[in-house]
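# Close look at the chain arrangement
Here's the letter readout for the chains.
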Amino acid sequence: MIDESLKDKPKSEMTAEERVHSFQGKLYSKAKQDKEFRFYVLYDKLYIPYFLKEAWRRVKANKGAKGYDKVDFQDIENYGVEKYLAEIGEELRTETYKAQPVLRVYIPKANGKLRPLGIPTIKDRIVQMSCKMVIEPIFEADFEDCSYGFRPERSAHQAVSTISYNLKHGKQEVFDADLSAFFDNIPHDKLLFLVEQRITDKRILKLIRQWLKAPFFDSDHKLHKSTKGTPQGGVISPLLANLYLNLVDKAVARKDGHFYKYGVKIVRYADDFILMARHIPPECLDYLNKMLARMELTLNQEKTRLIQALKEPFDFLGFTFRYDRDLHGRKILYLNTAPSKKSEAKLRDKIRQQLRKNGHKKPQDIVRLLNPIIQGWFNYYTIDKVSYPNKSKRNIRYYLMDKLYRFYRRKSQRRCKLYRQNAYEKLVTKYGLYNLSDRNDRRNCECLE
């Protein structure tokens, strides 16, 4: 959280982003040095112009849909961004700001069910972002190293690397936990109690309470009260979720606790986490269940399982971790980390949807639509060399060859130029489709005698 390059730089020469980073570094240092300190004057930072300017920049970069008020980014730019931010700042300064209802939408899950997302208005997202930038460094100073999701300078790849490290060092019994509707079930009173352990500024607490209690506009076109949970889609929700589940992280890491004496480690990414050890005794899992019950959370028993990694693969963050036998028949097991079948299926589904929606586009337009999807997917699996995606590349290449052949065959009645040609190769060589024949990736595996 501390940027050493900003220490000696005059404020007059700093950008809005740099001034925010500088302030965050000071808060982080204070919180790290004094674990008992409670911050009591923070609210006035929220409406400082450079804070609101940086909040707007980040919210816009995240894109996102319209909220309950149906105002989008273009509407705000037409109105005037500076004027809009100044009005928000005045509402915060005079304490007349009120959170607006949250628009609830549903997105399909892989199992056919629907996941509810809460979309705040852009105005609320800006204020939430400004608040998040102020309070995040305080809680970051308290978070455990085992948490990787939605945190500064942390990523899914670091979590995957940690899992691989633990497996290679003998922690091959894995408890793969799945929390039932976590974001929807966080109790407001317990969450606010945790916030108050570090922040006593009543105006900040009032804002967070507003966002938690804001009614949601559902598909029945009615407003509903929010009695628990934090909207999965709100800017500040991931920080609040990390704060709540930090209780579990600390319980596992505590040196006098049930988990530490058995060498149990936790790797968590937002509400997804696994426990790892040479052996996880039943008393540890009993303690975990009792703790979650006190937190008013439950495990999804259908998806939660205890795994022997040497015998059975498991998935985490879109990766499959499995041990494969040596190709030459020797009794050697290799730890292989690769894209999961579920993730491959999602990529194929996205490709299929794009081709279905854009049947009349030119080849260069098809490439322009497909490249971000395909390249973004493979970038996720090749950055930091945490996995071996070459088999997935072959699978997706064969899928594209067949899919593009069928795609252009359907257009044959309009004398499509790519009919009866190797459409995939043509799109790669002539129009710049992402080349899935590239085999520059190095295999990421370790052997176990």
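With that settled, the discussion passes to the sheet that holds strand β7 (residues 272-277). Strand order in the open sheet formed by four strands is β6-β7-β3-β8, and the pairing between neighbours is antiparallel. The open sheet has two free edges, formed respectively by β6 (265-269) and β8 (305-308), since each of these has just one partner strand. Averaged over all pairs of adjacent strands, the angle between their axes in this sheet comes to 20 degrees, without regard to strand direction. The pairing of strand β3 (residues 173-178) with β8 spans four bridges and is antiparallel. Among the inter-strand pairings, glutamate 173 is bridged to a residue of β8, identified as glutamine 308. On top of the sheet, helix α6 (residues 156-168) reaches β3, β6 and β7; it is set at about 160 degrees to β6, its chief contact.

Once that is clear, we can look at the packing of aromatic side chains. By the definition in use, this model includes 18 aromatic pairs. On the basis of an interplanar angle of 85 degrees and a centroid distance of 6.5 Å, the ring pair of tyrosine 79 and tyrosine 84 is categorised as edge-to-face. Residue tyrosine 79 is classed as partly exposed on the basis of its relative accessible area, which comes to 39%. Relative to tyrosine 434, the ring of phenylalanine 378 has its centre 6.1 Å away and its plane inclined at 20 degrees; by these criteria the two rings are stacked. Taken together, the positions of phenylalanine 378 in helix α13 (residues 363-382) and tyrosine 434 in the loop between α15 (423-429) and β12 (445-448) put the pair 56 residues apart, joining distant regions of the chain. Among the aromatic residues, those joined into a cluster by ring pairs are Phe319, Trp377, Phe378, Tyr380, Tyr381 and Tyr434. The side chain of lysine 30 reaches across the aromatic face of phenylalanine 37, ending 4.5 Å from its centre. For the cation-ring pair, arginine 104 lies above phenylalanine 216, with the distance from its terminal atom to the ring centre recorded as 3.8 Å.

Moving on to helix α9 (residues 202-213). An ideal rise of 1.5 Å per residue puts 16 Å on twelve residues; α9 measures up with 16 Å between its terminal C-alpha atoms. All of the buried residues in α9 are Ile204, Leu205, Leu207, Ile208, Gln210, Trp211 and Leu212. On its buried face, α9 sits against α5 (122-140), α8 (188-196) and α10 (237-253). N-capping of α9 is provided by aspartate 201, with a side-chain oxygen placed 3.0 Å from the backbone N of arginine 203.

On the secondary structure map, aspartate 176 appears in strand β3. In sequence terms aspartate 176 and asparagine 336 are 160 residues apart; their C-alpha atoms lie 18 Å from each other. The residues contacting aspartate 176, other than those within four sequence positions of it, are Phe273, Ile274, Lys303, Thr304, Arg305, Ile307 and Asp315.

Another aspect to go through is the pattern of salt bridges. Opposite charge on two side chains makes pairing possible when the charged atoms of those side chains draw close. Under the defined criterion, the tally for this structure stands at 24 salt bridges. The residue arginine 348 makes a salt bridge to glutamate 344 at a minimum N-O spacing of 3.5 Å. Taken together, the residues span about one helical turn, with arginine 348 and glutamate 344 both in helix α12 (residues 341-357) at a distance of four residues. Among the residues examined, arginine 348 registers a relative accessible area of 25% and is labelled partly exposed. Its salt-bridge partner being arginine 406, residue aspartate 402 comes within 2.9 Å of it at the nearest N-O pair. Taken together, the residues span about one helical turn, with aspartate 402 and arginine 406 both in helix α14 (residues 390-409) at a distance of four residues. You can call arginine 406 partly exposed: its relative accessible area is 40%.

Given a rise of 1.5 Å per residue, 13 residues ought to cover 18 Å, and the 19 Å separating the end C-alpha atoms of α6 matches this to within 8%. Ala156, His157, Ala159, Val160, Ile163, Ser164, Asn166 and Leu167 are the residues of α6 that are buried. A positive backbone phi angle near 95 degrees is found at glycine 170, which sits one or two residues after α6.

Glancing now at the sheet that holds strand β1 (residues 102-108). The strand order across the open sheet formed by four strands is β2-β1-β4-β5, and the pairing between neighbours is mixed. Two strands in the sheet have a free side with no partner beyond their single neighbour: β2 (114-119) and β5 (223-224). Where β1 lies against strand β4 (residues 216-217), two bridges are found, and the strand directions are parallel. Within the sheet, the bridge partner assigned to leucine 103 lies in β4 and is phenylalanine 217.

Calculation rules
- Residues numbered from 1 in each chain as written.
- Predicted model: local features only at pLDDT ≥ 70, side-chain atom pairs only at ≥ 80, totals over all residues.
- Heavy atoms only, no water.
- Pairing = 2+ DSSP bridges.
- Helix = DSSP H or I, 4+ residues; strand = E, 2+ residues; numbered from the N terminus.
- Axes fitted to C-alpha atoms, helices over the stretch in contact; angles between N-to-C directions.
- Contact = heavy atoms within 4.5 Å.
- Phe/Tyr/Trp six-rings, centres within 6.5 Å; stacked < 30°, edge-to-face > 60°.
- Buried < 20%, exposed > 50% of the residue type's maximum accessible area, 1.4 Å probe, protein only.
- Lys NZ or Arg CZ within 6 Å of the ring centre and 35° of its normal.
- Expected span 1.5 Å × (residues − 1).
- Polar contact = N/O pair within 3.5 Å; in protein donor to acceptor, adjacent residues only side chain to side chain.
- Salt bridge = Lys/Arg side-chain N within 4 Å of Asp/Glu carboxyl O.

Nothing here speaks to function; it is all geometry.
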